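Coordinate inspection notes
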Amino acid sequence: MGKIKKKEAHKKPLTRKEQRKQKVELKKENKRLYHAGKTNGTQRVVAAAEAASAARQTSKKPKKKPKKPKVNPEEIPKEQLLSGDVPSDEDESIASDFSDEEIDALLPKKPKVETYEPLGKTAKILKGGIQRQDETEVRRKELRQQKELESKSKKQRLKQLRLENVEEDREISKLEKKLKLNKSKDKNRLVRKMFNDGLDYLLDFVLDDEEEKRKWEEKQERKRKLKEDQEKEESGMWSDEEDGEDNEGNEGDNFDGSEASEDESEGDLSGEEDEEEQSENSDQEEEAQVKEDIYGRKRDAEGNILPDPVEQEASAAGQKYIPPHQRALMAASAGSNEKQAEILARLQKQCKGLLNRLSEANLHKIAAGIETLYMKNSRYNMNETLTKLLHEALLGSTKTNERMVQEHMVLLAYLHAQIGSEIGAHFLQTFVELFDGYVKEMSTFQVEDKRLNNLVLILCYMYLFRIYELSLLMELIGRLSDNLCEKSVECLLLILQSIGFRLRKDDPLAFKTMMQKVQSQISTAPLELKENPRLRFMVDILNAVKNNNTQKLPQYDPELAENLRKRLKAMLKNDRYVVTLNITLEDLLRADKVGKWWVVGSAWTGNLNEMGTAKQKPEDQSKSSSSGFADKMLELAKKQQMNTAERRNIFCIVMSAADYVDAFEKILHLALKDQRSVAYVIIHCALNEKKVNPYYAHLALKFCQFNRKYQLAFQFASWDRINDIESLGKPQIRNLASFLQQVILSGGLQLSVLKVVDFMQLDKLSFYFMKEVMLRLLLSQNEQEVFQAFERVAKNSKLQQFKQSIRLFLQHFLLQPEQLAKLKLEEEQQKLLEQRVDHLDKLLAYVDL
């Protein structure tokens, strides 16, 4: 049979992806050809395209095959036809007249070619007569391989189980070692211990049904025999023989083969369980018969009231009757003492752990932890626990670290603000009562004993963090100065070194009074005490604090306390703040007898007029009001028409302050929301002075530099005064001009504050006011401040009309010969005035251009 030649397959069309790829490659090739040389890039690309198209046309032309001579089939011999050696044409095949079977019979036989395929695959029938593989042999090989795999997996599984068992035994040995169970040689004791602990129910999940049934029968048999023994014992028929028989029976019943004594104890336990069950059943029956009514009385099944046995015993013994609810409380308290002690011990351990880690870095975290404990436990328990821990940590016989005291007092201030003021009041009362006891025994104290010193330091820092008012601290200082000795001098020195400057800053008048009292006590002290170096050093420190000389105080560093105050303010949340307690020493010492009026809901018996006040002063001394200011000062405020409480407080502070810094800080402590009241009072006081007083200008400048809100408040207040200048006299106008001149030159306000003056219609008072302001500005000693004040206005392009008005006023009104003659200036001042006016005129005009 002739070979059939396959036709050439047609080429498939390119896909879109292949076409895009071909276009990208063509673009890259064109780009490479274009940039191959500096010139003629386009010509190279066109030539390459023509060459590619020519190559494609030549490849499409079919190649001419050499023509073969045509063969006539009649001329081919039969042997050649039978052997198949017939030349074939390219175009078509020769159709044979014979079938394949006839041709195969005439052809010589060829040897069979055997092929083997991999196992698991079906044998395929290949061309050329390849025979199918034997299926039974393939199946046998598959089974053999499957058995080998199963045996390997079984061995691997057994090996894994052995490893797991070894690991489990190791884990069990570790747990036995931790539970100290590996020391017992008798392993059966562990099983009995499990039964005694009530863990026998675990065997229900492990034992089979038959074994479980046998164990249950043995247990019931032991219970029955034990019950019989108890009945015999009650009837008096117990004998040694029966005892021996019982022991033998118990030995037979032992499921572990353990000793008879252990079985006996086990039987005793089971007997006790039976007794308990019987007693419980009897109690339940009695409870079912006896019921309690709504009044707590016992009634039987018929409804009759049963007598109380406790009441009968008390009446027979002649004791006082105790109501049932009180008896229940007494019984509960007797049973809960141990539980309460355990709760307090755990609470003390938690609080001590938190206080031991207390520092400035983790202050917020520790405070939050103690606050959480306050929320979870009763406040009484927490107060008592913290009092005990603070007493142990801070009130030792040796000197306590000052930083440690500060951190603990910040914690108290946080709890006082965040939880409630009764927290701080409790600790304050505790420390003040302790202070009173120490002061009474101060003569017996040795100098080396620092308990009183530590307590005084705690009270000082409680005041520093605003837990109580200054009046209480002054009373404590008075108690120390009344009993002058070496120990009291040491405590006074400690107060002055720690918070002396703070006392002077908070209330200079009270500090001055205290200083005078201490000095009078020192003058009347015995000669031996006056020669004491501690006393002389205390006097030096007192004078240093009085003169505000911080360099004379050794190791004085107020930064830590200020940082802690700022941290405390940042820690407080939800608009919380430290409520300062206005309590006197007498109130705290009489709290156990009279009551605590400062605690909400607390019982108190006393006079409302004396609540929270100090000891009554003599009638000839000036009485102080509830706001803390003298009556004379309040009368003066009333005369000056300070008609609101805020203005009265500001007026009294401004008029009674030691300096402008003291007044500034005290006004800030008022925490006012309306800044206009501050500006109104300060300008009002400045205008009503007989002579110009720079104190008010410095105070106003301090507020302007502190916050822009105060700057705007002073600007509006100044505008109000300028607009209402007709109601002012010439002395008040001069004071106002001097006030504005100082504030403008210092940069507190700008010169534009004068823009409300109507230069087109200047009356006499307005002209007088502008003349005073400009003369004071231009004739100022610091020339640079003058030019800076005008330059700030000159740079503002929105004030064109105001600048023109200022130039017009300076040239045509201020420098007129008539005005200069009225001013009666010296020649030097007149020349200086002319020079500065010319310079400022050029400055304003140049900026305008």
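Just so you know, these numbers come straight off a predicted model, no measurement behind them.

Comments concerning the overall build of the protein chain
Each helix and strand counted, the protein chain has 36 helices and two strands in total. Within the protein chain, the proportion of its 849 residues that are buried is 32%. For the protein chain, contacts bridging at least 24 residues in sequence account for 67% of all contacts bridging at least 6. Carbon and sulfur atoms provide 50% of the accessible area of the protein chain, an area that totals close to 59,000 Å².

Section: the nonpolar core
Ile-370, Phe-431 and Leu-503 are the most contacted members of the largest nonpolar core, which totals 97 residues. Considering each element in turn, this core owes the most residues, 11 residues, to helix α16 (residues 451-464). The residues touching Ile-370, leaving out its near neighbours within four places in the chain, are Leu-354, Leu-355, Met-382, Leu-386, Leu-411 and Leu-415. Residues Ile-683, Ala-697, Tyr-710 and Ile-806 belong to the second largest nonpolar core, which totals 74 residues.

Quick look at the pattern of salt bridges
Scanning the model with the defined rule gives 26 salt bridges in all. Taking the shortest distance from any N to any O, the salt bridge between Arg-479 and Asp-436 comes out at 2.9 Å. Of this pair, Arg-479 sits in helix α17 (residues 470-482) while Asp-436 sits in helix α15 (residues 421-440), and the two are 43 residues apart along the sequence. The exposure class assigned to Arg-479 is partly exposed, which follows from its relative accessible area of 22%.

Remarks on the environment of Leu-754
Relative to the assigned elements, Leu-754 resides in the loop between α31 (730-746) and α32 (764-778). Exposure remark for Leu-754: the relative accessible area of 0% places this residue in the buried category. Between the C-alpha atom of Leu-754 and that of Met-770, which follows or precedes it by 16 residues, the distance is 8.5 Å.

Concerning helix α30 (residues 708-723)
Between its first and last C-alpha, α30 extends 23 Å over 16 residues, near the 22 Å set by a 1.5 Å rise per residue. Residues of α30 that are buried make contact with α27 (660-669), α28 (675-687), α29 (694-706), α31 and α32.

A few points about the packing of helix α18 (residues 486-506) against helix α21 (residues 533-546)
Closest axis-to-axis distance for the α18/α21 pair is 10 Å, and the angle between their directions is 15°. Compared by their axis directions, α18 and α21 come out roughly parallel. Here the hand of the crossing between α18 and α21 comes out left-handed. Listed contacts from α21 to Glu-486, Val-489, Glu-490, Leu-492, Leu-493, Leu-496, Gln-497, Gly-500, Phe-501 and Arg-504 of α18 are Arg-534, Leu-535, Phe-537, Met-538, Ile-541, Leu-542, Ala-544, Val-545 and Lys-546.

Brief notes about the state of the cysteines
Summed over all chains, the structure comprises zero disulfides. Free of any disulfide, Cys-652 has its nearest neighbouring cysteine sulfur in Cys-685, separated by 9.9 Å. Here Cys-652 falls in the buried class, since its relative accessible area comes to 0%.

Focus on the confidence of the model for the protein chain
In this model, the protein chain carries an average pLDDT of 76, and 72% of its residues clear a pLDDT of 70 or more. Across residues 1-9, confidence stays below pLDDT 50; counting only partners more than four residues off in sequence or on other chains, it has one contact. For residues 612-627, every residue scores under 50 in pLDDT, and the model assigns this stretch 17 contacts once sequence neighbours within four places are set aside.

Observations regarding unusual backbone geometry
The phi torsion at Arg-466 lies on the positive side, around 65°, for a residue other than glycine. Even without a glycine there, the phi angle at Gln-641 is positive, about 65°. Note on placement: Gln-641 falls in the loop between α25 (631-639) and α26 (645-656). Residue classification places Gln-641 among the exposed positions, given a relative accessible area of 60%.

Re the packing of aromatic side chains
If you walk through the whole model with that rule in mind, you get 12 aromatic pairs. Between the aromatic rings of Phe-664 and Phe-703, the centroid separation amounts to 4.9 Å while the plane-to-plane angle is 70°, which identifies the pairing as edge-to-face. Taken together, the residues span a long stretch of sequence, with Phe-664 in helix α27 and Phe-703 in helix α29 at a distance of 39 residues. The exposure classification of Phe-664 matches that of Phe-703, with both residues buried. Relative to Trp-719, the ring of Phe-716 has its centre 5.7 Å away and its plane inclined at 55°; by these criteria the two rings are tilted.

A few points about a negative patch on the surface
Taken together, Asp-720, Asp-724, Glu-726 and Asp-763 make up a surface patch of like negative charges. Tracing the sequence through the fold places Asp-763 in the loop between α31 and α32. Residue Asp-763 is classed as partly exposed on the basis of its relative accessible area of 31%.

Thoughts on the environment of Lys-803
With respect to the helices and strands, the residue Lys-803 is situated in helix α34 (residues 800-814). On the basis of relative accessible area, Lys-803 is assigned to the buried category, the value being 1%. Placed 51 residues apart in sequence, Lys-803 and Ser-752 show a C-alpha to C-alpha distance of 9.3 Å.

Considerations on the packing of α17 against helix α19 (residues 508-523)
Taken N-terminus to C-terminus, the directions of α17 and α19 make an angle of 5°; their axes are 10 Å apart at the nearest point. If you check the angle between α17 and α19, you find them roughly parallel. Residue-level inspection shows Leu-470, Met-474, Ile-477, Gly-478, Ser-481 and Asp-482 of α17 in contact with α19, the latter providing Ala-510, Phe-511, Met-514, Lys-517, Val-518 and Gln-521. Its residues placed into classes, the contact of α17 with α19 shows seven nonpolar, three polar and two charged.

Describing the environment of Asn-453
Here Asn-453 is to be found in helix α16. With sequence-adjacent residues up to four places away left out, Asn-453 is seen in contact with Lys-487, Glu-490, Cys-491 and Leu-494.

Quick look at the side chain of Arg-721
You can see Arg-721 is positioned in helix α30. With no salt bridge to any partner, buried Arg-721 finds its closest opposite charge in Asp-724, at an N-O distance of 5.7 Å. Setting aside anything within four residues of it in sequence, one finds Arg-721 in contact with Tyr-680, Ile-683, His-684, Leu-687, Leu-728 and Leu-736.

Some words on a positive patch on the surface
Residues Arg-16, Lys-17, Arg-20 and Lys-21 make up a contiguous surface patch of positive charge. For Lys-21, a relative accessible area of 55% gives the class exposed.

Conventions adopted
Residues numbered from 1 in each chain as written. Predicted model: local features only at pLDDT ≥ 70, side-chain atom pairs only at ≥ 80, totals over all residues. Heavy atoms only, no water. Helix = DSSP H or I, 4+ residues; strand = E, 2+ residues; numbered from the N terminus. Buried < 20%, exposed > 50% of the residue type's maximum accessible area, 1.4 Å probe, protein only. Contact = heavy atoms within 4.5 Å. Areas by Shrake-Rupley, 256 points an atom, 1.4 Å probe, with all protein chains shown as cover. Core = buried A, V, L, I, M, F, W, Y, C linked by side-chain atoms within 4.5 Å. Salt bridge = Lys/Arg side-chain N within 4 Å of Asp/Glu carboxyl O. Expected span 1.5 Å × (residues − 1). Axes fitted to C-alpha atoms, helices over the stretch in contact; angles between N-to-C directions. Parallel < 35°, antiparallel > 145°, perpendicular 65-115°, else oblique. Left-handed = near helix turned anticlockwise from the far one by under 90°. Disulfide = S-S within 2.5 Å. pLDDT = per-residue confidence, 0-100. Phe/Tyr/Trp six-rings, centres within 6.5 Å; stacked < 30°, edge-to-face > 60°. Patch = residues over 30% accessible without salt bridge, like charges linked within 9 Å, V, L, I, M, F, W, Y side chains within 5 Å. Lys, Arg positive; Asp, Glu negative; His and termini not counted. Charge placed at Lys NZ, Arg CZ, Asp CG, Glu CD. Nonpolar A, V, L, I, M, F, W, Y, C, P; charged D, E, K, R; others polar.

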